[in-house]
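If you want the building blocks of each chain, they are given just below.
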Amino acid sequence: MNSARDWKSLVVRHARETGAGDLPIHAIDELAAHLEDIYLGARAEGSPDADAFRAAEQALAESPLSVVPRSRTRAPESRPWSAPEQGGHRLTGLGGDLRFAFRQMRRAPAFAAVAIATLGLGAGAATAIFSIVNTVMLQPLPYRQPDQLVAIWETNAEKGLPRERLSPVNFMDYRGLESVFADAAGWWRPDVNLAEPGTDPVRVNTIESSGNLFQLLGVGTAIGPGFPHDGPFYSRDTIAVISDRLWRQRYDADPQIVGRVLHVNNGQYAIAGVMPPGFSFPDDVDIWLRLQWDFHQHSRGAHFVEGIARVKPTGTLDQAARELTALSARLGQANQATNRGWNARPVPLLDDILGYYRPALFVLVGAVSLLLLTACFNVASLLLARATIRAREIAVRAALGASRLRLVRQLLVESLLLSAAGMVAGCAGAFVVLKLAIASMPVVVPRLAETGLDFRLMAFALIIVAGTAILFGLVPALVLSRAQAAEALKDSARTATSVRGRRWNRSLVVVEVALASAALVASALLVRSVTRMIHAPLGVRTDGVLTAAIQLNNEGYPTWDKVQQSYTTLLESVRRQPGVEAAGISNRLPLDAGWRMPFQVEGRPPARANEAIQAQHISVSSGFFEVFNAAVTSGRVFTDSDHAGSEPVIVVNQTFARRVFPGEDAIDKRIRSFAVQIGPLGCNLPGTVPFRIVGVVADIHQAPLGQAAEPVIYHTARQFPFRAMTVVIRSPDMASGTSAVRRSVHELDPALAVADVRTMDDRLMAAMAAPRLLMFVLATFAALTATLAMIGVYGLLACVVNERRRELAIRLALGAQPSALARLVTIQGLTLAAAGIAVGLAGAQLAGGLLKNVLFETRTTDTAAMIAAAGILLVAAAVACFGPARRAARVPAIEGLKSE
């Protein structure tokens, strides 16, 4: 079959065999041209001649010739709207429509698969993420009147501290604001070993809290009385409450657990109750000990207490903020050495629990919304492209006698079938995405485990995608079926229809690329942010460093001399172990802040209260700086000769040296430290003895990432011991290093627990876990959004090439080079992509407020991120243009000659 006459003969013969009778001349010509297009298109794609002919025959077999009556008394294009067939013909017609719709999907499996997958992906991902956000962010906390609960934090803008724990004395003053607070509860976090006779000691997440904590939350125990109701804020009662998880895992859900003795750091506490399942406030806590000391008996300069308060029903968050600010100002005036610059602020408890995840989830909602919109636009673009391609088919069907109602019904059935398949895929996708999100989460996201699919949100997402498929499948049918059949068969009419369709399609593609551009910019910004976090200067070398937490209890190590001697013995043992290159101990690791206390420079007049400088006080042993390869800028670091009986010495960081001794050499300067009332875990420093500075080290980042460097004073642990310390070693083999630490601790005391054994690199990655997780998820959604946008670009260009085959063939016949046609198509696609990228970059800047709270040292106007996003999309668009451009270059020139 290689001539129009042969195709016409085939159409006439088929019409007579199927009982359609004699067809109008224009209908025969149109069908013949349609079959020739199918044949030549298959040949152009490399199909053998026999397969191409069979594809044309299949198209002819599926054409609706049977609807044409044997005899006609008027032209088919003048046929008005007709009523549906009566009786059994109506059912037969609907059944035929369904069969035809299934055949259409089988004839274009790629189109059907892409459309269904796109609908399923958009609806599924949106439902899963929206369900997570609804559970984690929008559902109220399971406490009594949770909207009245606030967490209280202290801030200091001068020191660059946006969120610090409270001074215990300050907290008691905040608690006294009876005009706004009904009550307040506080706690601190001791390092606790659970060491019961006959069992291995383990570290357990514990807080020591005031007696009103559970009553303030409105949560009672599941078993036992718990802490006494309306009891004192602190008490010498040695009682504890345990979590349901610990009760089941450690005590086999013993129903007689109340009254059993809990051995904590060799101290004994009576178990007074078990909390309900799932309760672990404030964060994954397993043991709540009764607070045993008065918060008033401490220093205002020490910030280690956490607290929550309940705002009175007549009060508001703004009122509480104003009262706390006013009180902080008064305390700053009265206690300038410790409180100057400090301010207290209330934070809704749910916002505080979510922390970084609150702005991160908003960003994630934005990303999945872009994905959902892109999926809808992509399906709309695909349906419009298909409608443009099928304009000739619809005209032929109308010419053969199909009524407008029949045409609209047929395309509506096809759209409904596609929507139904997409909705099924969306439901399955939602379940899969949610399960994967919960199972693969590398960090603990508050309340994530409680998330289930919200079927209201699923219905909302499915309605959107189904409505998109139905709308953009039906509207073209209404438009195309409105034209008179004879006019629709004319090339000019088809061209006008195609032009209108392509305009809409181009607009949708530009919007898709714009959405993808915005998502990619956000992803690129997070990549830049996390990269800067990973490479942020910490002042130490972390690779090959292993850390392990140890705590010496009060009973076994009653004196500070015993504490420092035991740690000295432990270090000597660790250093003798094979594979250990260096070892030390510290009460604070990099990224952890030490105790902030005032000091006085020897030989200088006492600083005025409003000019006093505080510094972090950290205890380290000899070998600590060597383990981390910290740079010594002048002087020396600690050695084994610096012990309790020798001259008191300290090492300071460069920030301390610059601020306290600008333009001077800090070595041999002396300071008096007033680190008094450190508490039960640290030895108080004698304020009358000056400490001589023997060394200056480069700044080690002793604060969370993003906070500025602070002055730091390093004491030797033999002169300023703490019970809770972290052993740090440098070893080429982490497994042998872990064994070395455990052997040495067991030799010192078999009852001691070795807890939180991790590499320093793991600690750094844990500090960045939430930003890294958000970066990965956002990058995934951005990639999916960009993929859908590129499918839209590909679909549009493929449609354009298919429509313009005759024009392209004529160009080739007139001497145009195939490369020029390929370039023409490629430029068209890249122009659309560039327009979308420009719109997307502008939109990303407008939405930059969502990102600023999750970025680290990265601006939303970061040029490199925008260039990267634009470059990725342009490369992807070029790849999407390749297939249609290649097809345009391979159009046979004979097609153009035949058409003329």
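See above for the structure.
Along every chain, residues carry numbers that run from 1 in the direction the sequence is written. With pLDDT at 70 or above as the cut-off, local features in this predicted model cover only qualifying residues; side-chain atom pairs require 80 or more to be listed or tallied, and sums for whole chains, interfaces and linings still use all residues. In computing side-chain values, all of the structure's heavy atoms are included and hydrogens and water are not.

Colleague: I tried to follow the side chain of Gln-702 on my own but got confused; where do I start?
Modeller: Helical segments are the DSSP runs of H or I of at least four residues, strand segments are the runs of E of at least two, and each set is numbered from the N terminus. Mapping Gln-702 onto the fold places it in the loop between strand E20 (691-697) and strand E21 (712-716). Relative accessible area decides the class of each residue, using a 1.4 Å probe on protein chains only: under 20% of the type maximum gives buried, over 50% gives exposed, and in between gives partly exposed. Judged by its relative accessible area of 4%, Gln-702 is buried. Here the side chain of Gln-702 touches Leu-589 through a polar contact of 3.0 Å, landing on its backbone oxygen. We call two residues in contact whenever any of their non-hydrogen atoms come within 4.5 Å of each other. Beyond its immediate sequence surroundings of up to four residues, Gln-702 is in contact with Arg-588, Leu-589, Pro-590, Leu-591, Asp-592, Ala-593, Gln-616, Ile-618, Val-712 and Tyr-714. Nitrogen and oxygen atoms within 3.5 Å of one another constitute a polar contact, given that in protein one can donate a hydrogen and the other can accept it, and given that sequence-neighbouring residues count only through two side-chain atoms.

Colleague: Would you mind showing me how to read the nonpolar core here?
Modeller: Nonpolar side chains in soluble globular proteins generally cluster together in the buried interior. Here the nonpolar core consists of buried residues drawn from Ala, Val, Leu, Ile, Met, Phe, Trp, Tyr and Cys, with membership extended through side-chain atoms lying within 4.5 Å. By size, the foremost hydrophobic cluster in this structure holds 123 residues, and its most contacted members are Leu-213, Leu-217, Trp-288 and Ile-308. Looking at this core element by element, the count peaks at 16 residues for helix H23 (residues 769-803). In terms of nonpolar packing, the next biggest core, distinct from the first, is built from 51 residues, Ala-184, Tyr-557, Met-725 and Ala-740 among them.

Colleague: Would you mind showing me how to read the environment of Asp-283 here?
Modeller: Tracing the backbone through its elements, the reader meets Asp-283 in the loop between strand E9 (267-274) and strand E10 (287-290). The class for Asp-283 is partly exposed, based on a relative accessible area of 38%. Considered as a pair, Asp-283 and Val-444 are 161 residues apart in the sequence and their alpha carbons are 9.7 Å apart. Not counting residues within four places of it along the chain, the set of residues in contact with Asp-283 comprises Arg-189 and Asn-205. Only 3.0 Å separates the side chain of Asp-283 from the side chain of Arg-189, close enough to count as a polar contact.

Colleague: It is not clear to me how the pattern of salt bridges should be interpreted in this structure. Could you clarify?
Modeller: Side chains bearing opposite charge may pair, as long as their charged atoms lie close to each other. We define a salt bridge as a side-chain nitrogen of Lys or Arg found within 4 Å of a carboxyl oxygen belonging to Asp or Glu. Going through the model one piece at a time under the given rule, you end up with 26 salt bridges. Asp-283 is the salt-bridge partner of Arg-189, the closest N and O atoms lying 3.0 Å from each other. Here Asp-283 lies in the loop between E9 and E10 and Arg-189 lies in the loop between strand E3 (181-188) and strand E4 (192-194), a separation of 94 residues in the sequence. The partner of Asp-756 in a salt bridge is Arg-763, and the shortest N-O contact between them spans 3.0 Å. Taken together, the shared-partner salt bridges connect Arg-165, Arg-189, Asp-283 and Glu-306 into one network.

Colleague: It is not clear to me how unusual backbone geometry should be interpreted in this structure. Could you clarify?
Modeller: For residues that are not glycine, phi is negative in most cases, and the peptide bond is trans in most cases. For the bond running from Phe-281 to Pro-282, omega is 5°, close enough to zero to count as cis. Non-glycine residue Asp-230 carries a positive phi angle of around 60°. Assignment of secondary structure puts Asp-230 in the loop between helix H7 (213-217) and strand E7 (239-242). On the basis of relative accessible area, Asp-230 is assigned to the exposed category, the value being 68%. Even without glycine at this site, Asp-284 takes up a positive phi of about 60°. Locating Asp-284 in the fold gives a position in the loop between E9 and E10.

Colleague: Looking at this structure, I do not really get the packing of helix H6 (residues 168-175) against helix H9 (residues 317-334). What am I missing?
Modeller: Running from N to C, H6 and H9 cross one another at 135°; their axes reach a closest spacing of 11 Å. One element, H6, and the other, H9, form an angle in the oblique class. Note on packing geometry: the crossing formed by H6 with H9 is right-handed. Across from Asn-170, Asp-173 and Tyr-174 in H6, the residues of H9 making contact are Leu-324, Leu-327, Ser-328 and Leu-331. Note on geometry: axes are lines fitted to C-alpha atoms, helical ones only across the stretch in contact, with angles between N-to-C directions running from 0 to 180 degrees. Under this scheme an angle from 65 to 115 degrees is roughly perpendicular, one under 35 degrees roughly parallel, and one over 145 degrees roughly antiparallel; angles in between are oblique. Note on convention: near helix rotated counterclockwise from far helix by under a right angle means a left-handed crossing. Clockwise means right-handed.

Colleague: Would you take a moment to explain the packing of helix H18 (residues 560-576) against helix H21 (residues 734-748) for this structure?
Modeller: To describe two helices that pack against each other, one gives the angle between their axes and the distance between the axes. It is at 9 Å that the axes of H18 and H21 come closest, and there the two elements cross at 140°. Between H18 and H21, the angle falls in the class oblique. Viewed along their axes, H18 and H21 form a crossing whose handedness is right-handed. Contacts between H18 and H21 involve Ser-566, Thr-569, Leu-570, Ser-573 and Val-574 on the former and, on the latter, Ser-744, Val-745, Glu-747 and Leu-748. For this classification, Asp, Glu, Lys and Arg are treated as charged, while Ala, Val, Leu, Ile, Met, Phe, Trp, Tyr, Cys and Pro are nonpolar and the rest, including Gly, are polar. Within the contact of H18 with H21, the residues separate by chemical class into 4 nonpolar, 4 polar and 1 charged.

Colleague: Quick question: what am I supposed to make of helix H22 (residues 760-767) here?
Modeller: Taken together, the buried positions of H22 are Met-760, Arg-763 and Leu-764. One side of H22 carries all its buried residues, which in axial view fall inside an arc of 100°. In this structure, the buried side of H22 is in contact with strand E13 (545-551) and strand E23 (755-759). Throughout, the arc means that of the directions going from the helix axis to the C-beta atoms.

Colleague: Is there a simple way to think about helix H26 (residues 863-889) in this case?
Modeller: Side chains of residues three or four places apart in an α-helix project in the same direction, reflecting 3.6 residues per turn. Here the expected span of a helix is defined as 1.5 Å times the quantity of residues minus one. Taking 1.5 Å of rise per residue, the 27 residues of H26 would be expected to cover 39 Å, and the 37 Å separating its terminal C-alpha atoms lies within 8% of that figure. Those residues of H26 lying buried are Ala-865, Met-866, Ala-869, Ala-870, Leu-873, Ala-877, Ala-880, Cys-881, Pro-884, Ala-885 and Ala-888. Where H26 begins, one side-chain oxygen reaches toward the backbone nitrogen of Ala-864, 3.2 Å away; that side chain belongs to Asp-862.

Colleague: Honestly, the environment of Ile-810 in this entry has me stumped. Any pointers?
Modeller: Checked against the element boundaries, Ile-810 lands in helix H24 (residues 805-813). The class of Ile-810 is partly exposed, set by a relative accessible area of 24%. Counting along the chain gives 82 residues from Ile-810 to Pro-892, while the straight-line C-alpha distance between them is 9.3 Å.

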